[in-house]
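Descriptive structure summary
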Amino acid sequence: MKEHTIFLPSTRSTPVGLLVLAHGGSEEWEEQVVEKMRSFHSTLPVAIAFGMAMSSSEYIREGILKLEKTGVREIVVLPLFVSSYAPVPRQMEYIFWRRKNLFFPQFHKFPRG
């Protein structure tokens, strides 16, 4: 399993997009996540960023860039994790400026703006 992004373009133009952050897993797990998110893409463009233990944030950046290319100006981030006790949700808070400190300093915050 590698980090990657699946993009579901919207059927209409909208300034808002949805970025789903999901821990990667089996092919069956990923298919279920994509299927559930299809209900949104008739209204909003959806980027689903699958990653494994946050070894990098490139797959998140890829999702953001794909949304921006559709004209999106505001992105709603939906973390989709099975357990809130894992370190991944805290890492997401750090990357998106919701947490000042992180236990793993190799992660870099996205630029504001």
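A few words on the overall build of the chain. Helix and strand content of the chain: three helices and four strands. What you see in the chain, going N to C, is helices and strands ordered as β-β-α-β-α-β-α. Across the 113 residues of the chain, 37% fall into the buried class. Taking as baseline every contact in the chain between residues at least 6 positions apart, the subset at least 24 positions apart corresponds to 72%.

Once that is clear, we can look at the environment of L67. Along the chain, the position of L67 falls in helix α2 (residues 58–69). The exposure class assigned to L67 is buried, which follows from its relative accessible area of 0%. Beyond its immediate sequence surroundings of up to four residues, L67 is in contact with F7, G17, L18, L19, P45, V46, A47, V72 and I75.

Calculation criteria
- Residues numbered from 1 in each chain as written.
- Predicted model: local features only at pLDDT ≥ 70, side-chain atom pairs only at ≥ 80, totals over all residues.
- Heavy atoms only, no water.
- Helix = DSSP H or I, 4+ residues; strand = E, 2+ residues; numbered from the N terminus.
- Buried < 20%, exposed > 50% of the residue type's maximum accessible area, 1.4 Å probe, protein only.
- Contact = heavy atoms within 4.5 Å.

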